[in-house]
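One letter stands for each residue in the lines below.
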Amino acid sequence: MLNKKEIEYVLLTIGEMFPEAECELTHSNPFELTIAVVLSAQATDALVNKVTPNLFTKYKSPEDYIHVPLEELENDIKRIGLFRSKAKNIKKLCQSLVEEYGGEIPQDKSELVKLAGVGRKTANVVASVAFGEPAIAVDTHVERVSKRLGICRWKDTVLEVEKTLMRKIPMEEWSITHHRLIFFGRYHCKAQSPQCPQCPLLELCREGKKRMKRRGLL
DNA sequence: CTCCCGATAT
DNA sequence: ATATCAGGAG
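For clarity, every value in this text was computed on a predicted model and none was experimentally measured.

Quick notes on the rules
- Residues numbered from 1 in each chain as written.
- Chains lettered and ligands numbered in written order.
- Predicted model: local features only at pLDDT ≥ 70, side-chain atom pairs only at ≥ 80, totals over all residues.
- Heavy atoms only, no water.
- Helix = DSSP H or I, 4+ residues; strand = E, 2+ residues; numbered from the N terminus.
- Rg over C-alpha atoms; globule rule 2.2 N^0.38 Å.
- Contact = heavy atoms within 4.5 Å.
- Buried < 20%, exposed > 50% of the residue type's maximum accessible area, 1.4 Å probe, protein only.
- Arc of directions from axis to C-beta.
- Salt bridge = Lys/Arg side-chain N within 4 Å of Asp/Glu carboxyl O.
- Near = heavy atom within 4 Å.
- Polar contact = N/O pair within 3.5 Å; in protein donor to acceptor, adjacent residues only side chain to side chain.
- Phe/Tyr/Trp six-rings, centres within 6.5 Å; stacked < 30°, edge-to-face > 60°.
- Core = buried A, V, L, I, M, F, W, Y, C linked by side-chain atoms within 4.5 Å.
- 1 Å grid on protein atoms, 1.4 Å probe; cavity = no way out; pocket = protein on both sides within 12 Å on 5 of 7 lines; lining within 4 Å.
- Points joined across faces, edges and corners; volume = space filled by probe spheres on them.
- Nonpolar A, V, L, I, M, F, W, Y, C, P; charged D, E, K, R; others polar.
- Domains from an automatic or database assignment.

Points about the overall build of chain A
Phase 1 of the analysis: Within chain A, the secondary structure is distributed over 12 helices and 0 strands.
Phase 2 of the analysis: Each helix and strand of chain A, ordered N terminal to C terminal, gives the series α-α-α-α-α-α-α-α-α-α-α-α.
Phase 3 of the analysis: Taken against the 2.2 N^0.38 rule, which gives 17 Å for 218 residues, the C-alpha radius of gyration of chain A at 19 Å falls within 12% of a compact globule.
Phase 4 of the analysis: Seen along its three principal axes, the alpha-carbon backbone of chain A occupies a region of about 60 × 35 × 30 Å.
Phase 5 of the analysis: At a minimum sequence separation of 6, the contacts of chain A that also span at least 24 residues come to 59%.

Quick word on helix α10 (residues 158-168)
Phase 1 of the analysis: Turning to α10, its buried residues are V161, E162, T164 and L165. Projection of α10 onto a plane perpendicular to its axis shows the buried side chains occupying an angular sector of 165 degrees, all on one side.
Phase 2 of the analysis: Along its buried surface, α10 packs onto α8 (120-131), α9 (140-149) and α11 (174-188).

Details of the pattern of salt bridges
Phase 1 of the analysis: Applying the stated criterion across every chain, the model contains 10 salt bridges.
Phase 2 of the analysis: The residue R186 makes a salt bridge to D45 at a minimum N-O spacing of 3.2 Å. Here the residue R186 occupies a position in helix α11, and D45 occupies one in helix α3 (residues 45-58), the gap between them amounting to 141 residues.
Phase 3 of the analysis: For the salt bridge of R120 with E162, the shortest nitrogen-to-oxygen distance reads 2.7 Å. Within this pair, whereas R120 is found in helix α8, its partner E162 is found in helix α10, the two being separated by 42 residues in sequence.
Phase 4 of the analysis: Because the salt bridges share partners, they merge into one network encompassing E24, D45 and R186.

Quick notes on the protein's contact with DNA strand B
Phase 1 of the analysis: K50, R79, G81, L82 and R84 are the nearest of the 14 residues found near DNA strand B.
Phase 2 of the analysis: Sugar and phosphate atoms represent 66% of those atoms of DNA strand B found within 4 Å of the protein.
Phase 3 of the analysis: Take R79: an N or O atom from its main chain is 3.4 Å from a sugar or linking oxygen of DNA strand B.
Phase 4 of the analysis: If you list the elements that add at least two residues to the surface near DNA strand B, you get α3 and α6 (83-100).

Let's talk about the packing of aromatic side chains
Phase 1 of the analysis: Enumeration over the complete set of coordinates arrives at 4 aromatic pairs.
Phase 2 of the analysis: Ring geometry for Y59 versus Y65: centroids 4.4 Å apart, planes at 15 degrees, classification stacked.
Phase 3 of the analysis: With a relative accessible area of 0%, Y65 lands in the buried category.
Phase 4 of the analysis: Taken together, F18, F183 and Y187 form an aromatic cluster joined through their ring pairs.

Quick look at the nonpolar core
Phase 1 of the analysis: In terms of nonpolar packing, the biggest core is built from 35 residues, with I35, L39, L55, Y65, L73, I90 and L112 touching the most fellow members.
Phase 2 of the analysis: Within the residue set of this core, elements represented by two or more residues are α2 (30-39), α3, α4 (62-66), α6 and α8.
Phase 3 of the analysis: Setting aside its immediate chain neighbours within four residues, Y65 contacts F31, I35, L55, F56, Y59, L73, I90, K91 and C94.
Phase 4 of the analysis: One finds V142, L149, F184 and L202 within the second-largest nonpolar core, a separate group that totals 30 residues.

Re the layout of surface pockets
To find leftover empty space, a probe the size of one water molecule is rolled over the atoms.
Phase 1 of the analysis: Quantified by volume, the largest pocket comes out at close to 800 Å³.
Phase 2 of the analysis: If you trace the largest pocket, you find 35 residues lining it, with S40, A43, D45, K121 and D139 closest to the centre.
Phase 3 of the analysis: Elements with a minimum of two residues in the lining of the largest pocket: α2, α3, α6, α8, α9 and α11.
Phase 4 of the analysis: The residue inventory of the lining of the largest pocket, partitioned by class, reads 14 nonpolar, 13 polar and 8 charged.
Phase 5 of the analysis: Both domains that furnish three or more residues to the lining of the largest pocket are identified here as domain 1 (4-17 + 137-214) and domain 2 (30-131).

Here we look at the protein's contact with DNA strand C
Phase 1 of the analysis: By nearness alone, 27 residues border DNA strand C, and G119, T122, H141, R144 and I182 come closest of all.
Phase 2 of the analysis: By atom count, sugar and phosphate contribute 63% of the portion of DNA strand C lying within 4 Å of the protein.
Phase 3 of the analysis: Here a phosphate oxygen of DNA strand C and a backbone polar atom of D45 are 2.9 Å apart.
Phase 4 of the analysis: With respect to DNA strand C, the backbone of G117 contributes an N or O atom lying 3.1 Å from a phosphate oxygen.
Phase 5 of the analysis: Mapped by element, the contributors of at least two residues to the surface near DNA strand C are α8, α9 and α11.
Phase 6 of the analysis: Here the residues of the surface near DNA strand C sort into 10 nonpolar, 11 polar and 6 charged.

Fair warning: the whole summary comes from geometry, so function is off the table for now.
So, in structure tokens, the structure goes:
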């Protein structure tokens with residue numbers, strides 16, 4: 001496990017690598033962002049961004065999703081994976097928005113997670129990106145990077161990872177750091193081919209060194 | 001825990 | 001061919 005100074009060094013370094021890290025899901029309001037994040041489960045942002053322009057042109061409001069047959073919505077998002085459950089969730093989500101939230105996305109995380117298809121991670125993204133609340137959404141990248149670097153333990157659940165990050169990172173930096181961790185994971189510390197040989201954090205990364213030795217590079 | 005699932009990288 | 005992708009519901 002990294003100590004306090006090492007964690008500070010990690011935050012500084014990824015800050016230099018990805019100073020402008022931000023949400024890469026294209027959206028122009030909280031409602032579109034919520035739909036995009038629901039769609040992004042087990043799919044790349046790039047793919048979601050290919051589908052949403054047409055989707056957001058056709059569906060402007062929760063009512064638009066409610067008034068279309070399920071099969072038609074499924075077809076509109078088919079290119080993204082898990083399309084049947086996502087289509088069903090989006091229709092339920094929009095139903096709740098109209099019936100219980102006046103057609104608007106709620107700002108409170110405890111309300112967000114009540115929406116169909118919205119779990120803790122999605123709620124954190126919406127609260128943080130759409131409403132500027134401090135939050136750390138632990139997705140596949142944040143989890144992998146945190147475990148590889150030794151910010152948390154390998155056996156930690158995603159909830160434990162989130163708590164650890166909130167404890168070790170100043171609250172004012174939660175949102176930007178969260179996005180930098182994602183960029184670091186997405187473009188550098190990648191799942192399949194991590195760029196260990198050219199990583200500025202290799203010296204303090206146990207997993208990185210282990211990988212390098214395994215390949216005879218260290 | 002399993003299931004959902006097409007697109008893309010390796 | 002297989003692993004992975006801004007996970008969540010049952």
